[in-house]
Amino acid sequence: MTCRTAFIVVWFWLANSNLYVVVLAKPTDPPVATGKTLTNPLAKPSMTPQIPDGKLTQAPSKPTWSIAIHGGAGGDIDRWTAVQKQNRIHGLKAALQRGKDLLEKSMPAVDVVQAVVQILEDDPNFNAGRGAVLNSVGDVSLDASIMDGSDLSCGAVANVMTVRNPIQLARAVRDKTPHVFLCGEPADVFAKEIGLPQEPQEYFKTPEQIESWKAWQQKQAARNSTTTKSDHDTGKDRLFYLGTVGCVVRDQQGNLAAATSTGGLLGKRYGRVGDSPVIGAGTYAKNATCAISCTGVGELYIRNHIASAVSSRMEYLNESLEKATGFAIHKTLPEDSGGLIAVDRDGNIELQYNTPMMARGQARSDGLFQVGLKEWAD
Ligand code: ASP
């Protein structure tokens, strides 16, 4: 072997497997940023990582797929009944299970995130699709977006009021138009043109959300507020207005995708659009870095372009997913403003929030499967 063509022969002895793996690597190869602890092949035996009972650790292998979901980082969980909590846990489990099943069947990431978000839109316990919050004039108006990290293709809709599943419409914007973003009535017209199921407003308005809206109205009246500013922007109060659903995936082919859908903030001004349909603010996916879906006070997420900022920190600063998401949620945003879910190209998952809880779930090909509100559920 000459100097130029010299290769280092590396071998790992894998405990419990009697398997020898030989890897040929050029000395100049950059380290692979896996976010996992890798065994250093050149380390002395005494430096080999040990687990407490003295066994050698297995060389970590990448999960073949990973998925995370959220159902919002707000709401007054201390006032939820046991049944309300149980319904949300049940809804998260059903959506996560569906995602797991589809990923095991090798479905592409972009199809999985759409299917999972659609389930959460149909579930009246979450603020998206059926069960969405009401706006200042008592209507439901919905926002959604989807992004495919393999080619940065994406679609988004805002302020739609008749399409049953806004995430389907966002997907159609990506697939059937040369555009990225449609909003308002013309977006609903497009949904009708392509035959997506339509619903009257009554379908979206659940008794629980009508109650919340009445309580919001009374609060507004008590405040006698005629200003255009609301308390969505400041203080603990904003927790009561939050909610959204989202899903991020790394599929078996290594592709990433993200999808987000919401009714927005309770009592939002008619016409207001939050971060959820804004690519780069509430949703982002790029195979080279990560897939992100956010939930929280949309105005703050738009101002700080939270989703794309996480991706950019990974790309330009070489930060891990954990560090980049932690920076966004705990350093960029103020306390009690929301959270996000993220998955990176190696299948690492992050679920970060700065509120008391986030309805969330995560699953991976290595057997991880859990959902929770404040704590993880059994
Ligand atoms: N981000 C959403 C919005 O501002 C609300 C939420 O996630 O709770 O519309």
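Here, every reference points to the structure presented above.
Now for a quick tour of the structure.

Cut-offs and rules
- Residues numbered from 1 in each chain as written.
- Predicted model: local features only at pLDDT ≥ 70, side-chain atom pairs only at ≥ 80, totals over all residues.
- Axes fitted to C-alpha atoms, helices over the stretch in contact; angles between N-to-C directions.
- Helix = DSSP H or I, 4+ residues; strand = E, 2+ residues; numbered from the N terminus.
- Parallel < 35°, antiparallel > 145°, perpendicular 65-115°, else oblique.
- Left-handed = near helix turned anticlockwise from the far one by under 90°.
- Contact = placed C-beta atoms within 7 Å.
- Nonpolar A, V, L, I, M, F, W, Y, C, P; charged D, E, K, R; others polar.
- Buried ≥ 20, exposed ≤ 12 C-beta atoms within 10 Å, placed from the backbone.
- Pairing = 2+ DSSP bridges.
- Near = placed C-beta within 6 Å.
- Core = buried A, V, L, I, M, F, W, Y, C linked by C-beta atoms within 7 Å.

This brings us to the packing of helix H1 (residues 82-104) against helix H2 (residues 109-122). Close contact between H1 and H2 brings their axes to 9 Å; oriented N to C, the two are set at 160°. Regarding the angle of H1 to H2, the classification is roughly antiparallel. The two elements H1 and H2 meet at a crossing, and its hand is right-handed. In this structure, H1 contributes Gly91, Ala94, Ala95, Arg98, Gly99, Leu102 and Leu103 to the contact, and H2 contributes Val112, Ala115, Val116, Ile119 and Leu120. Here the residues of the contact of H1 with H2 sort into nine nonpolar, two polar and one charged.

So, on to the pairing of strand E12 (residues 349-353). For a regular strand, the rule is simple: side chains alternate between the two faces of the sheet. Burial runs high along E12: five of the five residues are buried. Burial of E12 is two-sided: the residues Ile349, Leu351 and Tyr353 facing one way and the residues Glu350 and Gln352 facing the other way are all buried. Sheet topology note: the strand E11 (residues 338-344)/E12 ladder contains five bridges and is antiparallel. Directly across from Gly339, in E12, lies its bridge partner Tyr353. Linking two consecutive strands that pair antiparallel, namely E11 and E12, is a turn of four residues; a positive phi of about 90° is found at Gly347 within it.

What follows deals with the site of the ligand. In the region of the ligand, 16 residues are neighbours, and Leu242, Thr244, Gly274, Thr295 and Gly298 sit closest. Grouping the amino acids of the shell around the ligand by side-chain chemistry returns three nonpolar, 12 polar and one charged.

Side chains of nonpolar character tend, in soluble globular proteins, to be buried together. Formed by 92 residues in total, the largest nonpolar core has its most connected members in Val113, Val248, Val249, Ala257, Ala291 and Ile292. No other element matches H2, which puts eight residues into this core. In this structure, Val249 is in contact with Ile67, Gly99, Leu103, Ala109, Val112, Val113, Leu256, Ala257, Ala291 and Val343, ignoring residues within four places of it in sequence.

This part covers the sheet that holds strand E4 (residues 142-148). Pairing in this open sheet of eight strands is mixed, and the strands run E6-E5-E4-E8-E7-E3-E13-E14 from one edge to the other. Only two strands of the sheet have a single neighbouring strand rather than two, namely strand E6 (181-183) and strand E14 (369-372). For this sheet, the mean inter-axis angle between neighbouring strands, taken without regard to orientation, is 5°. Relative to strand E7 (residues 245-250), strand E3 (residues 66-70) is paired through five bridges, and the arrangement is antiparallel.

On the secondary structure map, Leu152 appears in the loop between E4 and strand E5 (153-160). Look at Leu152 and you get exposed, because 12 C-beta atoms sit within 10 Å. In this structure, the C-alpha to C-alpha distance between Leu152 and Leu256, residues 104 residues apart in sequence, is 9.9 Å.

Here we come to the environment of Arg272. By the element assignment, Arg272 lies in the loop between strand E8 (256-262) and strand E9 (283-285). Linking Arg272 and Glu299, residues 27 residues apart in sequence, is a C-alpha distance of 10.0 Å.

What follows covers unusual backbone geometry. Positive phi is not limited to glycine here, since Asn159 has a value of about 55°. Position of Asn159 among the secondary structure elements: in strand E5. Positive phi is not limited to glycine here, since Asn318 has a value of about 60°.

Bear in mind that shape data such as this cannot, by itself, settle questions of function.
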